[in-house]
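Each chain is listed here by its residues.
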Amino acid sequence: MVFDNLQNTRNDDDAVVLCNILTSLFKSHVLPTYYTKSTQFIMFLFTQLSPEFMDSFLVTLVDLSFAPEESIEKLSYLARAKMLQTSQIISILNFLMNWLNKFVEEREIEIVNGVNMDRFKLFYSTFQVLLYVFCFRHSLLKTDDDDWVLGLDKFFQRMVITKFNPLKFCNENVVLMFAKIAQEENVAYCFSIIQKNKNERLKGISGTKLSVSSGDSSNSKLNLAKQQFVDLEGYFPFDPLFLKESKREIRDYYIEWSTISRDYESDTDDFDDLANDAKEAVRRNSMNVDDDDDDSDS
């Protein structure tokens, strides 16, 4: 019913007023609500009814993503919104790439022995969004001469070998899917770095167990916690919608992973299945936090 009414808003003046109202509600009510599963898709659908609304929403998302205490994962809209124009996608990618390049230029010098990396979480979240969008949109990101727009191949090749080591600290599912596609498309080879990171992580866990057995549990747990902020939440607000009827309503506006390509997947790792698993994990974690708070109050 809601989606039908939105699509029937044809008067330009009424549509602009409604867009402003929905944007305001999106900022004030939807975003502050942790783990919103469905409400955000009202905005997702409505903004795609007009290129101007999509432009406006993209500006809003970028502004909100880099605001204090906000997350950038909401820019998964770039990956999922079917009506977006290629020029709109490239414009936002260009902004994100410039931001990341500047961040590396200014702050890579701060990294010593790869410790306290959790202070760079915004960097990793931003890079993770780029990986995610690339997985969905790579077929649109080549020029007529078969070159990558914005020098994406050179950008990724340079970024994965910085001291920030983003392939270690981004969500594992997103990294692995990107690595498969990047290798197939001759963008970057990531698997050697991924394996090295995996070996180091296993070595760190073994070292932690040894420290615990020696009685130094507090420091070892702290070190492991800092190392294991590695898996940024694989929750993106515009990952697949659970509600079946609503899902049917937005299917003409929504990009499912299955429509991109099956060439990059094994029989078991459908990207949208992984996304749904991530949603459930976030939901369970939030419930556990609430339970812990209740226990502490009692």
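See the structure printed just above.
Residues numbered from 1 in each chain as written. Predicted model: local features only at pLDDT ≥ 70, side-chain atom pairs only at ≥ 80, totals over all residues. Heavy atoms only, no water.

## Observations concerning the pattern of salt bridges
All told, the structure shown has four salt bridges when counted by the stated rule. Of the charged contacts, one joins Arg 119 and Glu 110 as a salt bridge, the two residues approaching to 3.2 Å between their closest N and O atoms. Arg 119 gets classed as partly exposed once you look at its relative accessible area, which sits at 40%. A network of salt bridges, in which partner residues are shared, links Arg 107, Glu 110 and Arg 119. (Salt bridge = Lys/Arg side-chain N within 4 Å of Asp/Glu carboxyl O. Buried < 20%, exposed > 50% of the residue type's maximum accessible area, 1.4 Å probe, protein only.)

## Examining the packing of helix H7 (residues 121-137) against helix H10 (residues 172-184)
Between H7 and H10, the least distance of the axes is 9 Å, while the angle of their chain directions is 50°. Here H10 runs oblique to H7, going by the angle between their axes. When you trace H7 past H10, the crossing you get is left-handed. Facing H7, whose interface residues are Gln 128, Leu 131, Tyr 132, Phe 134 and Cys 135, H10 presents Val 174, Val 175, Met 177, Phe 178 and Ile 181. Its residues assigned to classes, the contact of H7 with H10 comprises nine nonpolar, one polar and no charged. (Axes fitted to C-alpha atoms, helices over the stretch in contact; angles between N-to-C directions. Helix = DSSP H or I, 4+ residues; strand = E, 2+ residues; numbered from the N terminus. Parallel < 35°, antiparallel > 145°, perpendicular 65-115°, else oblique. Left-handed = near helix turned anticlockwise from the far one by under 90°. Contact = heavy atoms within 4.5 Å. Nonpolar A, V, L, I, M, F, W, Y, C, P; charged D, E, K, R; others polar.)

## Description of the packing of aromatic side chains
All told, the structure shown has 27 aromatic pairs when counted by the stated rule. Between Phe 66 and Phe 95 the ring centres are 5.8 Å apart and the planes differ by 80°, which places this aromatic pair in the edge-to-face class. Of this pair, Phe 66 sits in the loop between helix H4 (51-65) and helix H5 (77-80) while Phe 95 sits in helix H6 (residues 86-107), and the two are 29 residues apart along the sequence. Overall, the relative accessible area of 23% leaves Phe 66 in the partly exposed class. Note on Phe 95: relative accessible area 38%, which makes it partly exposed. Ring pairs connect the aromatic residues Phe 66, Phe 95, Trp 99, Phe 103, Phe 120, Phe 123, Tyr 124, Phe 164 and Phe 169, which therefore count as one cluster. (Phe/Tyr/Trp six-rings, centres within 6.5 Å; stacked < 30°, edge-to-face > 60°.)

Honestly, it's all geometry; don't read function into it.
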